[in-house]
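This is what each chain is made of:
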Amino acid sequence: VENVRLLDRLSSRKAALGTLYLTATHVIFVENVSETRKETWVLHSQISSIEKQATTATGCPLLIRCKNFQVIQLVIPQERDCHDVYISLIRLARPVKYEELYCFSFNPKLDKEEREQGWKLVDLNEEYNRMGIPNNYWQISDVNRDYGICDSYPTEVYVPKSATAHIIVGSSKFRSRRRFPALSYYCKDNNASICRSSQPLSGFSARCLEDEQMLQAIRKANPGSDFIYVVDTRPKLNAMANRAAGKGYENEDNYSNIKFQFIGIENIHVMRNSLQKMLEVCELKSPSMSDFLWGLENSGWLKHIKAIMDAGIFIAKAVAEEGVSVLVHCSDGWDRTAQVCSVASLLLDPYYRTMKGFMVLIEKDWVSFGHKFNHRYGNLDGDPKEISPVIDQFIECVWQLMEQFPCAFEFNERFLIHIQHHIYSCQFGNFLCNSQKERQELKIQERTYSLWAHLWKNRADYLNPLYRSDHSQTQGTLHPQMAPCNFLYKFWSGMYNRFEKGLHPRQSVTDYLMAVKEETQQLEEELEVLGERLANLQKSQLNYNKVKSKQQDRSKQLGLSTSNNSLANTPQEYSNDLKSFPSRSPSQGDEEDSALILTQDNLKSSDPDLSANSDQESGVEDLSCRSPSGGGCLPSEDSGKDSDEAVFLA
Amino acid sequence: MEFAELIKTPRADNVVLHRPFYLAVEGTLCLTGHHLIFSSRRQDNAEELWLLHSNIDSIEKRFVGSLGTIIIKCKDLRIIQLDIPGMEECLNIASSIEALSTLDSVTLMYPFFYRPMFEIIEDGWRSFLPDQEFELLSSVTDEWRLSCINKEFSVCPSYPPVVIVPKSIDDEALRKVAMFRHGSRFPVLSYYHKKNGMVMMRSSQPLTGTNGRRCKEDEKLINATLRPGKRGYIIDTRSLNVAQQARAKGGGFEQEVHYPQWRRIHKCIERFNILQESLIKLVEACNDQSHNMDRWLSKLEASNWLTHIKEILTAACLAAQCIDREGASVLVHGTEGTDSTLQVTSLAQIILDPRCRTIRGFESLVVREWLQAGHPFQQRCAQSAYSNSKQKWEAPVFLLFLDCVWQILRQFPCSFEFNEQFLIMLFEHAYASQFGTFLGNNENERSKLKLPQKTMSLWSWVNRSEELSKFQNPLFEANSLVIWPSVAPQSLQLWEGIFLRWNRPSKFLDEAHEEMINIIKYNKELQAKVNALRRQLAEMETDDRMQENL
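Worth saying up front: this structure is predicted, and the values here are computed from it rather than measured.

S.K.: Would you take a moment to explain a negative patch on the surface for this structure?
M.R.: Residue and element names in this part refer to chain A. Residues Glu524, Glu525, Glu528 and Glu532 make up a contiguous surface patch of negative charge. Structurally, the position occupied by Glu525 is in helix α19 (residues 509–539). Judged by relative accessible area, Glu525 falls into the partly exposed class, the value being 42%.

Here is the structure:
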């Protein structure tokens, strides 16, 4: 469709004219400006909603909201075209078969061996070995081979040595969806562990000997402690309501030596609504400070993030400081439980704060234990009530920790944002389906590529320059401040307003430091080379010509790298549309009236001439400054970077 | 008056000091004329706390049996608690502190007693003189002149002795204009934009009154700053409503009929007690120890602090936009032209002028646009967030300005030569200091107090390399562009370095900062080494060649 206008959400005056293309996998908008031909690519699987608004004089507006928080506003001149686009997108954005998803057609031009290598990058057995398992207390169990007991669990599960198959099977029958207690994290320093399960089917009075034995076995696997914590991550009221349905929570009287604890994290429906409310705040056009803060508070989002963190902190403390093992569950044990276990692991073990370790963590606590990626993130058309930003919240918890511990993580914010992006993009197979079993049936590993390999290949982009493996923040357990430091939880504009570049700091400290570090590395190399040259020269005073010319080459190279550093000149756009500026000639005479009109003008709209003017100028600055900054800007769209995708344009 | 009269108990032993995030320490408390000194006296790890009495905002006392407790709340927002054994000692100490922290004579303040322990390399009182500023200006334009009309502070008591005005306006006309402006603050040059020759002027409100008085000289003066055919903008920092109300009290605003070449824009920047209350509420919220996330955000919202930040920044951006993008000259004023006006003119300069983002340039900006421009520091900074005095003239105007600078610094972390610590230091010294820089309300008062002769300038101390190194931003790379900050709510944050400084653990953030410095330091060292080696190699090669040639 031609002559489509792409509106800038921040200032309605900045619209780009271009052509809209629909392909099998993407919506592509190409600007008409001949030199730049700026392209905006949106994956169909990222589309979360499409809204056709009332036709205006200029055309028919179409609003596309994406799962990675991009909002695209198009105006299509012809009503009919708009309707066609709308209908196509509705269908394209809601695939019904896995095979329709992008990962099955995405081809990064890797051969079979490289693809297999990619899938092998994260190996969970290796991870359990790293934790020191199997050992005297824990063993791998094949009780769930062929998914015989629990179809949402992995085939290989780690359980206490003293838990026989009989106990496991018995316990599984007493747990929702048969998700019996299994090991998530083991702390080899003190034998304390984190186990996970679903809720027990206790109803008001039911009990199960095997389940009680299972918990006993978990306690015995930690000889240093005479009790375990059982943490129910739901609000007490929710858990009690479940009892009426024959589910519920452990009765302390029936289980010997447990300490039971509720930690109120709300359910997926509350979280979905909370995000919705927060996004509405983010989408407000020129909100006042009060609108924004009030809306943010009203959404409850940060309160929920804090609840998840507090639960993680509680568990990490129990394991690290008290040396007590913990069993975590919620209802089904695949949402809140996954959040809490992974936050606790991240706090406890510095390995998970490395890039590789973080991939392992997601693979362990989310992918392998059957977090329902397909349902939660709506990859296939499904029940909208199943959709909820569960892993988004975990990712935000990590970001909040990064803000508090700037040196503790090997990766940077961009790493988190790209993982979030790909959880929804379906470009890689990792997060397809709802369980390991489904992925195996679909032969995901043979038919798609692994995200982890892709991220690992580009790991230089994701490094935190402040990370040093010998820094004190990278050792041992992290101890974040709990209450009363509420103010430590901040709104993450880098995520939720990530496409509104104008809102973010215009210069990135991370990128600047990365450039400095890169230069430092080059300098180190050069220093070595120069040192050698010098020694050679001193030894034999020959070959000077050659040395000279080479040395000149070197210095040229270095000069380049220095200019790479000049991030100070990053582009700037004055995106403040609040700022108003009347420029029509003053209406003469009656001064008070005109003054009044003027203020209204000030409040409502900015002057078109001026914004056009400022646009142009900032555009000039844009061009002149972007080149030296190199990778300075946040790559917003992965898809935009992968050149292979151009294939689909045709 | 002798300070000794006020100090009934100069010393108390076995005092316990409590601070958030530190273990309680036992030690000795001493009171001197200007300081409260606490010393832990522990041999291994002696800890000393020196607190200026003038830094104390309020003091509370409590008794449990014979153990007295005083809670000291400081103007830099820190709160400390001292447990003092003995009711009498405690009462004595509390009343001494109360008396010493509320001395009403300026000449009794510490700066008049302070003797520097460092070598004075440069006299800060002479570092930023108007003549130097004018010299810079005259190298690019000859349309302006330095007027000594206010030499004896006879025309305008809150202006400095010399001001920069359009060349075509003589002193006689200036005198007439002064009669037409509130507090005689006639329009003067604030900033000259070299890029396009546009200017920013500042003044106070015109005294139009209800019957629309006019002053031909005033019109002529501000029109003299316009290029032929060009138009200018008047930014009134008050809402139209407030400006209209001001007419009843003899004030007002420029009316279109008399200023046809000017467009007036009203912004709404709050003043006085509204700002002070906002600060009090914000600090209360930051010190609140309750666990509830919702309450934190709603209290932050209710304080309106960030709303004020947003409004001030928006007005400053508007002024900068008029000058740089619209190519128009600007006149900024509110009522008196000593508060919101200065916030706008100084922030606009930070946006427009790269020089203001250097350490020296920023100091010069503070001197020009705040000290010389007659911001009444002594009145505004008499008390901070913990005071109960509620005087109309107390207001965190300067702190809001520093906060806005911090917001821009956060958005452009590589474009400023100074760091956050520099801004925090200025905040501290504006409220309590050993230096005379921020004493008095204007140049007139400062000259009467003979501050340059009797006290030390803050700049004499700061501009020594030992101190400067603490305030340098390791990420700085000169950026000659205009920097346009975002004023969207998502882009503005609470300035934790000020407001959460005493109630958040800062260890991990400090470590990160240190790491950053080390990365850059190591890079610079390597660079130096490589350059040295290269030079050595080059020299050896030339030697070689010469030998060869021989």
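S.K.: I tried to follow the nonpolar core on my own but got confused; where do I start?
M.R.: Within soluble globular proteins, side chains that are nonpolar tend to cluster in buried spots. Counting 231 residues, the largest nonpolar core has Phe358 and Tyr496 of chain A together with Phe362 and Phe499 of chain B as its most contacted members. Examining the composition of this core, we find that 13 residues originate from one element, helix α9 (residues 305–324) of chain B, more than from any other. With 30 residues, the next largest nonpolar core counts Phe134, Val165, Ile222 and Tyr259 of chain B among its residues.

S.K.: Help me understand the domain arrangement of chain A, please; the structure alone is not making it clear to me.
M.R.: Many structure descriptions define interface size as the accessible area lost when the parts assemble. All names here are of chain A. The domain boundaries assigned to chain A delineate domain 1 (4–94) and domain 2 (112–512). When each unit is reduced to the centre of its C-alpha atoms, the spacing between domain 1 and domain 2 is 35 Å. Residue-level contacts link 12 residues of domain 1 with 24 residues of domain 2. Of the roughly 1600 Å² buried at the junction of domain 1 and domain 2 (both faces included), carbon and sulfur atoms supply 53%. Counting across the interface, domain 1 meets domain 2 through 1 salt bridge. Taken together, the connections running from domain 1 to domain 2 amount to 7 residue pairs in polar contact (both at pLDDT 80 or more).

S.K.: Could you clarify how one ought to interpret the pattern of salt bridges in this entry?
M.R.: Charged atoms that come close allow side chains of opposite charge to pair. A complete count under the given rule lists 57 salt bridges over all chains for this structure. Its salt-bridge partner being Glu51 of chain A, residue Arg65 of chain A comes within 3.1 Å of it at the nearest N-O pair. Placement of Arg65 of chain A in strand β6 (residues 60–66) and of Glu51 of chain A in strand β5 (residues 47–52) is noted, with a sequence separation of 14 residues between them. For Arg65 of chain A, a relative accessible area of 23% translates into the label partly exposed. Taking the relative accessible area as the measure of exposure, Glu51 of chain A reaches 34% and is therefore partly exposed. The salt bridge partner of Arg446 of chain B is Glu443 of chain B, with a shortest N-O separation of 2.8 Å. Of the two residues, Arg446 of chain B and Glu443 of chain B both sit in helix α15 (residues 443–448), 3 residues apart, roughly one turn of that helix. Residue Arg446 of chain B is classed as buried on the basis of its relative accessible area of 4%. Three or more residues joined by partner-sharing salt bridges are found here, namely Asp335, Lys372, Arg376 and Glu386 of chain A.

S.K.: Would you mind showing me how to read helix α9 (residues 301–322) of chain A here?
M.R.: Residues that lie three or four places apart on an α-helix share one face, since the helix turns once every 3.6 residues. For α9 of chain A, spanning 22 residues, the distance from its first C-alpha to its last is 31 Å, which sits close to the expected 32 Å at 1.5 Å a residue. Summarising burial for α9 of chain A: 16 of the 22 residues are buried, a large majority.

S.K.: Would you mind showing me how to read the domain arrangement of chain B here?
M.R.: Residue and element names in this part refer to chain B. Each domain of chain B was delimited in the assignment, giving domain 1 (4–103) and domain 2 (130–504). For domain 1 versus domain 2, the distance between C-alpha centres works out to 37 Å. Of the roughly 1400 Å² buried between domain 1 and domain 2, counting both surfaces, carbon and sulfur atoms make up 63%. By the criterion of area lost to domain 2, the three top residues of domain 1 are Asp57, Lys75 and Leu77, representing 47% of everything that side buries. The interface formed by domain 1 and domain 2 holds 0 salt bridges in total. Inspection of the domain 1/domain 2 interface yields 9 residue pairs in polar contact (both at pLDDT 80 or more). When contributions to the side of domain 1 that touches domain 2 are tallied by element, the ones reaching two or more residues are β5 (56–64) and β6 (67–74).

S.K.: What is the right way to look at the packing of helix α11 (residues 355–368) of chain A against helix α13 (residues 390–404) of chain A in this model?
M.R.: Residues and elements named next belong to chain A. With their axes 13 Å apart at the nearest point, α11 and α13 run at an angle of 145 degrees to one another. Between α11 and α13 the crossing geometry is right-handed. Contact residues: Phe358, Leu361, Ile362 and Trp366 in α11; Val390, Ile391, Phe394 and Val398 in α13. Residue composition of the contact of α11 with α13, grouped by class: 8 nonpolar, no polar and no charged.

S.K.: Please explain the layout of surface pockets as it appears in this structure.
M.R.: Taking a probe equal in size to a water molecule and rolling it over the atoms shows the remaining empty space. All names here are of chain A. Here the second largest pocket defines a volume of roughly 910 Å³. For the lining of the second largest pocket, the secondary structure elements donating two or more residues are β5, β6, α7 (268–283) and α12 (373–377). It is α7 that contributes the most residues to the lining of the second largest pocket, 8 residues altogether. Looking at the lining of the second largest pocket residue by residue, the classes come out as 16 nonpolar, 11 polar and 13 charged. Taken together, domain 1 (4–94) and domain 2 (112–512) each give at least three residues to the lining of the second largest pocket, which thus spans both.

Reading guide: rules and limits
- Residues numbered from 1 in each chain as written.
- Chains lettered and ligands numbered in written order.
- Predicted model: local features only at pLDDT ≥ 70, side-chain atom pairs only at ≥ 80, totals over all residues.
- Heavy atoms only, no water.
- Patch = residues over 30% accessible without salt bridge, like charges linked within 9 Å, V, L, I, M, F, W, Y side chains within 5 Å.
- Areas by Shrake-Rupley, 256 points an atom, 1.4 Å probe, with all protein chains shown as cover.
- Salt bridge = Lys/Arg side-chain N within 4 Å of Asp/Glu carboxyl O.
- Lys, Arg positive; Asp, Glu negative; His and termini not counted.
- Charge placed at Lys NZ, Arg CZ, Asp CG, Glu CD.
- Helix = DSSP H or I, 4+ residues; strand = E, 2+ residues; numbered from the N terminus.
- Buried < 20%, exposed > 50% of the residue type's maximum accessible area, 1.4 Å probe, protein only.
- Core = buried A, V, L, I, M, F, W, Y, C linked by side-chain atoms within 4.5 Å.
- Domains from an automatic or database assignment.
- Contact = heavy atoms within 4.5 Å.
- Buried area = accessible area lost by both parts, 1.4 Å probe.
- Polar contact = N/O pair within 3.5 Å; in protein donor to acceptor, adjacent residues only side chain to side chain.
- Expected span 1.5 Å × (residues − 1).
- Axes fitted to C-alpha atoms, helices over the stretch in contact; angles between N-to-C directions.
- Left-handed = near helix turned anticlockwise from the far one by under 90°.
- Nonpolar A, V, L, I, M, F, W, Y, C, P; charged D, E, K, R; others polar.
- 1 Å grid on protein atoms, 1.4 Å probe; cavity = no way out; pocket = protein on both sides within 12 Å on 5 of 7 lines; lining within 4 Å.
- Points joined across faces, edges and corners; volume = space filled by probe spheres on them.

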